[in-house]
Amino acid sequence: MSTLVFSKSNRKDAAMTDVPWKRYLNRVLWYATLLGVSVPFVFPFIWMVSGSLKSQSEITAFPPTIIPETFRWENYVEIFQYQPFAQQYFNSLYIAVVVTISIMFVASLAGYAFAKIKFKGANLVFLLLLSGLMMPEEVTIIPNFFAMSTLNLMNSHVPLILLPVFGSQGIIATFLMRQFFMSIPNEVEEAGIMDGLSRFGVFWRIALPLSGPALAAVAILSFLHSWNLLLEPLVFVSDLDKFTVPLALNNFSDAYGLPLWHLQMAATSLAVIPVLLIYVIAQRHIVQSFAMTGVKG
Amino acid sequence: MLSVVLKTFGDLMSALVSQKKNLFSGETLSGWLFISPMMFGFLCFFIIPVIAIFGYSVTEWNILSQDSTFVGLQNYQEIFTENEEFWLVVRNSLVFAGGLVPLNIALALVLALALNQKFTGVVFFRTVYFAPVITAGAAWAIVWSFLLQKESGGVNQLLALIGIDGPNWLREPNWAMFAVIMTRVIKNVGLNMILYLAALQSISPDYVEASSLDGATPWQRFRHIIWPLLAPTTLVISIVTVVGSLKVFDHIYLMTGGGPESGTLVLAYYIYERAFEFFEIGYASALAVILFVLTLVLTVGQWLLKQKEQ
């Protein structure tokens with residue numbers, strides 16, 4: 001044993017004479033710092049998954065365990081029995097898909113017009129649109145609440161689709177599409193006009209097929225925006241089977257209203273991990289989509 | 001994007017003022033047709049509601065009683081002079097923004113500078129620091145509520161292992177504010193980091209090289225070359241982060257409910273609480289008007305600041 005340790009440290013010494021020890025130490029410190037900073041970013045995910053597999057008693061036990069003593073997979077069954085979580089999950093999914101497709105449609109049309117068509121009133125209208133870009137939803141939620149209740153759309157998914165499409169997310173998307181279409185040279189479209197295409201034909205046949213990357217970014221941002229919404233479902237939806245995931249997550253509690261953490265963590269894991277997996281696979285595209293909203297267009 | 005927004009804002013303003021008549025009138029119809037779906041929705045769900053909150057804000061209106069009466073500026077008077085809660089909300093919002101914005105920007109910059117180096121694993125760390133950004137705010141807030149409980153919370157359990165008796169994070173006023181700020185910074189710092197990273201990568205290496213030849217230390221290089229070149233990005237990030245801090249809702253609703261002792265009651269959550277828990281529509285609308293004006297002033301103010309700089 002002692003000889004092993006000895007020989008090991010010996011080798012280390014040899015290595016340190018090759019590399020200047022300062023550089024070696026710097027590198028260790030560098031990675032140690034970056035890993036240390038990572039802890040608050042990563043630990044919540046680990047603790048979430050760990051908690052989702054514990055029993056109610058183990059979850060409060062001290063000293064804490066990262067890897068549960070017994071894996072309680074039943075948590076993942078019970079969340080579906082406690083409330084209609086499958087239905088709620090489906091709600092979130094289909095709402096996000098409808099929101100995404102709607103935003104892609106209205107934002108590419110509007111973005112194209114603002115970029116390529118010179119028409120009366122365009123500047124004024126665009127300026128108006130920009131005023132809504134950063135406005136918090138809390139500003140308009142009260143009148144929208146009354147509008148929806150007058151239209152008998154309370155406790156339905158219609159507001160959860162309409163408000164994001166025509167709110168700040170739709171405006172951001174319009175802006176992204178406008179920036180992209182502005183980068184397409186006019187010559188490309190002129191060829192289409194020579195061939196007798198209408199304005200819509202030029203947009204549909206020429207400009208839109210070129211806009212794949214911008215549309216993908218819009219799709220990613222819109223989907224995540226809708227998937228993550230909390231205020232709107234909270235205000236507009238009241239029936240359990242109409243809930244969306246963010247609303248449902250907070251709804252696993254016992255008879256005293258105290259959270260059932262093991263179920264909450266299981267449900268949260270199911271909500272977070274698929275998104276996280278897609279993110280890890282496509283992280284370059286996803287990160288770039290977010291970067292576009294800040295810098296380029 | 002915001003820098004482009006600000007620039008466009010300026011261009012449009014000057015175009016409107018000078019009234020250039022270089023428009024092809026023949027395309028006006030198709031232009032309006034193209035924008036009509038977006039603009040119709042925007043009119044219905046944004047413009048009209050904004051006008052409506054100004055109207056609501058001068059009424060006394062309780063959802064339950066179903067009737068509203070005109071009361072002039074009484075709601076505003078109540079907010080500013082009679083109700084001490086509002087000033088607590090203002091204080092909390094300022095503390096929240098004052099803590100979150102500098103922390104977020106400083107950390108984002110440091111992380112971006114670190115990840116702008118070339119080393120093995122840079123993509124891994126970028127992926128890690130950005131992961132909370134794509135995570136649902138509700139999920140993030142719930143997991144942190146779980147982590148920050150007094151007895152069985154992960155954070156206090158880890159602290160106990162090294163002999164520290166952690167506070168009841170979310171039930172003591174000052175700690176609750178601190179906890180909400182920190183969890184929110186970790187949630188969103190990745191976005192600003194990416195924006196800084198993009199800006200850093202667009203800085204020409206020639207600048208940095210030239211300064212190295214002049215014998216500048218890394219700090220001098222940062223202070224006199226990199227930091228000034230990042231100024232436009234810093235401005236954009238500041239606007240987005242300040243306005244973003246006004247919007248904080250998920251974290252407050254799920255982690256503290258505005259408590260303890262209203263210690264984390266901030267403006268956006270206060271509007272929700274007044275409107276949808278106490279059903280005081282007139283009062284809540286007056287608060288929404290204040291939020292609207294505040295957001296507009298911040299956006300336009302920082303835009304003017306930028307114009308002055310140029």
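If you're wondering where the values come from, they're calculated on a predicted model, not measured in any experiment.

What follows deals with the overall build of chain A. The helix and strand tally for chain A stands at 15 helices and 0 strands. What you see for chain A is a C-alpha radius of gyration of 26 Å, clearly larger than the 19 Å of a compact globule of 297 residues, by over 25%. Projected onto the principal axes, the alpha-carbon positions of chain A cover approximately 85 × 65 × 30 Å. Out of the 297 residues belonging to chain A, those deemed buried represent 45%.

Tallying secondary structure elements over chain B gives 14 helices and 2 strands in all. Counting only residues that meet the buried cut, chain B has 42% of its 310 residues in that class. Within chain B, contacts between residues separated by at least 24 positions form 69% of all contacts whose residues are at least 6 apart in sequence.

Our focus in this paragraph is the environment of B:Gln149. With respect to the helices, strands and loops of the structure, B:Gln149 is situated in the loop between α6 (137–147) and α7 (154–161). It is 34 Å that separates the C-alpha atoms of B:Gln149 and B:Ile281, two residues lying 132 residues apart in sequence.

What follows covers the UniProt feature "transmembrane region" (unreviewed entry) in chain A. Residue and element names in this part refer to chain A. Per the UniProt record, "transmembrane region" (unreviewed entry) is annotated on residues 28–47, 93–115, 124–146, 158–181, 202–224 and 261–282. Taken end to end, residues 93–115 comprises 100% helix and 0% strand; its first and last C-alpha atoms sit 32 Å apart. Between the C-alpha atoms that bound residues 202–224 the distance is 30 Å, and the span itself is 96% helix and 0% strand.

Turning to the nonpolar core, a few remarks are in order. Membership of the largest hydrophobic core comes to 167 residues, with the highest contact counts inside it found for A:Val218 and B:Leu287. Looking at this core, you find at least three residues from each of domain 1 (2–76) and domain 2 (83–251) of chain A. Once you skip the residues sitting within four places of it in the chain, A:Val218 turns out to touch A:Ile103, A:Met104, A:Ala107, A:Ala173, A:Leu176 and A:Met177.

The next point concerns the confidence of the model for chain A. Averaged over all residues, the pLDDT of chain A is 87; the fraction at 70 or higher stands at 92%. Here residues 1–16 of chain A scores under 50 on pLDDT; set against residues more than four positions off or in separate chains, the count is 2 contacts.

Let us now look at the interface of chain A and chain B. Tallying the contact residues gives 83 residues for chain A and 83 residues for chain B. The biggest single contributor to the side of chain A that touches chain B is helix α14 (residues 261–281) of chain A, with 10 residues. Residues belonging to the side of chain A that touches chain B are distributed by class as follows: 60 nonpolar, 19 polar and 4 charged.

Another aspect to go through is the packing of helix α4 (residues 85–116) of chain A against helix α8 (residues 168–182) of chain A. Residues and elements named next belong to chain A. With their axes 7 Å apart at the nearest point, α4 and α8 run at an angle of 45° to one another. One element, α4, and the other, α8, form an angle in the oblique class. Relative to α8, the crossing made by α4 is right-handed. Here α4 contributes Ile103, Val106, Ala107, Ser108, Ala110, Gly111, Tyr112, Phe114, Ala115 and Lys116 to the contact with α8, which in turn contributes Gln169, Gly170, Ala173, Thr174, Met177, Arg178, Phe181 and Met182. Class assignment of the residues belonging to the contact of α4 with α8 gives a composition of 11 nonpolar, 5 polar and 2 charged.

It is worth spelling out the domain arrangement of chain A at this point. Looking at chain A, the domain boundaries give domain 1 (2–76) and domain 2 (83–251). With centres defined by C-alpha atoms, the gap from domain 1 of chain A to domain 2 of chain A works out at 43 Å.

Moving on: the UniProt feature "transmembrane region" (unreviewed entry) in chain B. Residues and elements named next belong to chain B. Per the UniProt record, "transmembrane region" (unreviewed entry) is found at residues 29–56, 94–115, 127–147, 225–246, 252–272 and 284–305. Each end of residues 127–147 is marked by a C-alpha atom, and these two atoms are 22 Å apart; helix forms 90% of the span and strand 0%. Taken end to end, residues 252–272 has its terminal C-alpha atoms 11 Å apart, with 52% of it in helix and 0% in strand.

Criteria and thresholds
- Residues numbered from 1 in each chain as written.
- Chains lettered and ligands numbered in written order.
- Predicted model: local features only at pLDDT ≥ 70, side-chain atom pairs only at ≥ 80, totals over all residues.
- Helix = DSSP H or I, 4+ residues; strand = E, 2+ residues; numbered from the N terminus.
- Rg over C-alpha atoms; globule rule 2.2 N^0.38 Å.
- Buried ≥ 20, exposed ≤ 12 C-beta atoms within 10 Å, placed from the backbone.
- Contact = placed C-beta atoms within 7 Å.
- UniProt positions renumbered as here; feature names shortened; annotations may be inferred.
- Core = buried A, V, L, I, M, F, W, Y, C linked by C-beta atoms within 7 Å.
- Domains from an automatic or database assignment.
- pLDDT = per-residue confidence, 0-100.
- Nonpolar A, V, L, I, M, F, W, Y, C, P; charged D, E, K, R; others polar.
- Axes fitted to C-alpha atoms, helices over the stretch in contact; angles between N-to-C directions.
- Parallel < 35°, antiparallel > 145°, perpendicular 65-115°, else oblique.
- Left-handed = near helix turned anticlockwise from the far one by under 90°.

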